[in-house]
Amino acid sequence: MKNQVYFLLIGLTLWCCKGESPEQPVFRHDIADGPAPWTSEVFEETEADFTFAIISDLTGGERPGIYSRAVANLNQLDPTFVLSVGDLIEGGTEDTLQLKKEWDSFDARTAKLNMPFFHLGGNHDLTNPGMREFWKKRYGPRYYHFRYRDVLFLMMDSEDYSEKRMYEIYQARDTALRVISGELEGIYEESTYYNMPERRLGSLGAEQQAYFEQVLEAQKDVRWTFVLMHKPLWMREDKNGLGALEAVLKDRSYTVINGHFHSFSHRDRQGMEYYILGTTGGAQDPEDPNAFDHISLVRMADKPVITHLKLEGILNSSEPIPMAIPPGER
């Protein structure tokens, strides 16, 4: 018995010498009994969820300072990573020097983020085959997927045309822009480009379709899937739309998010949520109440909790804010 006590004392001495102590409560106070001025003493000490953010269009005449402010706000909010839905540069050119200048500008501002950023191309970023090649050399694939924990992300290319069709769209777009600028006579709404379905809805090619079908087949164990694209492929009802993939997704929990219209909207489709984001510095229609700059914050709990934060509503404590004069002192 004496030996057992002796070894017990040695064990306790070694345990104390290692600097260990019985676990202390995280929450401490000096109210011994009676009511307390808080609602609960149960805290979420370890979080199983994570948060990511999404930015939208910068194009159509980017307004200076908006995206840089969004980057600063994102660093304050500190999501795990940031996604985009395309139209990151003005683009629309075959001039590689101009493209480099525009991408260098975007990447220099994006490099100030304290977390990973995921590129996705829009029609301004992937306007012609030359821009496709530029993207490939700088950012790799135009469409891809990744998995973070047990959540799957499908990053789609909505400018997925044959090279011949891409040139047709590019040339028609160039003519339409000349009409808008007054360089050519005509009415924009009557132009070939205006009446092309690809202008609003984009296109999904067979190879990309097959790629994402294989991804979904191989990733059946995820609890949620996010489908991101620039143009709303889900609005296109032929074989170049999202319909076939929606059929594969029907037994999953998923959310679809796109940009392009520069106007925020939300709807339920097939029992799931579909979002069209506004802008993060892109051109806006002053008469559209849903045209505003924002970032979307997604907290991935049991299911997504999505909060859309208008940039004008996020106050940065480092920015000078004038003091209001109280009514009685005016």
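Structure: above.
The shown structure was predicted, so the numbers you read here are calculated from the model rather than taken from an experiment.

Participant: Account for the packing of aromatic side chains, naming residues and giving values.
Facilitator: Going through the model one piece at a time under the given rule, you end up with 28 aromatic pairs. For the ring pair Phe52 and Phe153, a centre distance of 5.1 Å and an interplane angle of 85° mean the geometry is edge-to-face. Separated by 101 residues along the polypeptide, Phe52 in strand E1 (residues 50-55) and Phe153 in strand E5 (residues 151-155) bring together distant segments of the chain. We classify Phe52 as buried; its relative accessible area is 0%. Taken together, the ring pairs in this structure connect Phe50, Phe52, Phe81, Phe118, Phe146, Tyr148, Phe153 and Phe226 into an aromatic cluster. Over the ring of Phe292 we find Lys310; its NZ or CZ atom is 4.7 Å from the centre of that ring.

Participant: Give a description of the sheet that holds strand E3 (residues 117-118) that names residues and reports values.
Facilitator: Spatially, the 5 strands line up as an open sheet ordered E3-E2-E1-E10-E11, and their pairing is mixed. Either end of the sheet is taken by a strand with one partner, and the two such strands are E3 and strand E11 (304-310). Pairing geometry for E1 and strand E10 (residues 294-300), over 5 bridges, is antiparallel. Considered in E10, the bridge of Ile54 is made with Ser296. Relative to E10, helix H2 (residues 66-77) is tilted by about 25°, and along the sheet it contacts E1, strand E2 (81-84), E3, E10 and E11.

Participant: Go over helix H3 (residues 96-110) with me, naming the residues and quoting the values.
Facilitator: For an α-helix the count is 3.6 residues per turn, leaving residues at separations of three or four pointing the same way. For H3, built from 15 residues, the straight-helix expectation of 21 Å at 1.5 Å per residue is met to within 8% by its first-to-last C-alpha distance of 20 Å. Its buried side turned inward, H3 meets H2, E3 and helix H4 (129-139). Its side-chain oxygen at 3.0 Å from the backbone nitrogen of Leu97, Asp95 defines the N-terminal cap of H3.

The rules behind each value
- Residues numbered from 1 in each chain as written.
- Predicted model: local features only at pLDDT ≥ 70, side-chain atom pairs only at ≥ 80, totals over all residues.
- Heavy atoms only, no water.
- Phe/Tyr/Trp six-rings, centres within 6.5 Å; stacked < 30°, edge-to-face > 60°.
- Helix = DSSP H or I, 4+ residues; strand = E, 2+ residues; numbered from the N terminus.
- Buried < 20%, exposed > 50% of the residue type's maximum accessible area, 1.4 Å probe, protein only.
- Lys NZ or Arg CZ within 6 Å of the ring centre and 35° of its normal.
- Pairing = 2+ DSSP bridges.
- Contact = heavy atoms within 4.5 Å.
- Axes fitted to C-alpha atoms, helices over the stretch in contact; angles between N-to-C directions.
- Expected span 1.5 Å × (residues − 1).
- Polar contact = N/O pair within 3.5 Å; in protein donor to acceptor, adjacent residues only side chain to side chain.

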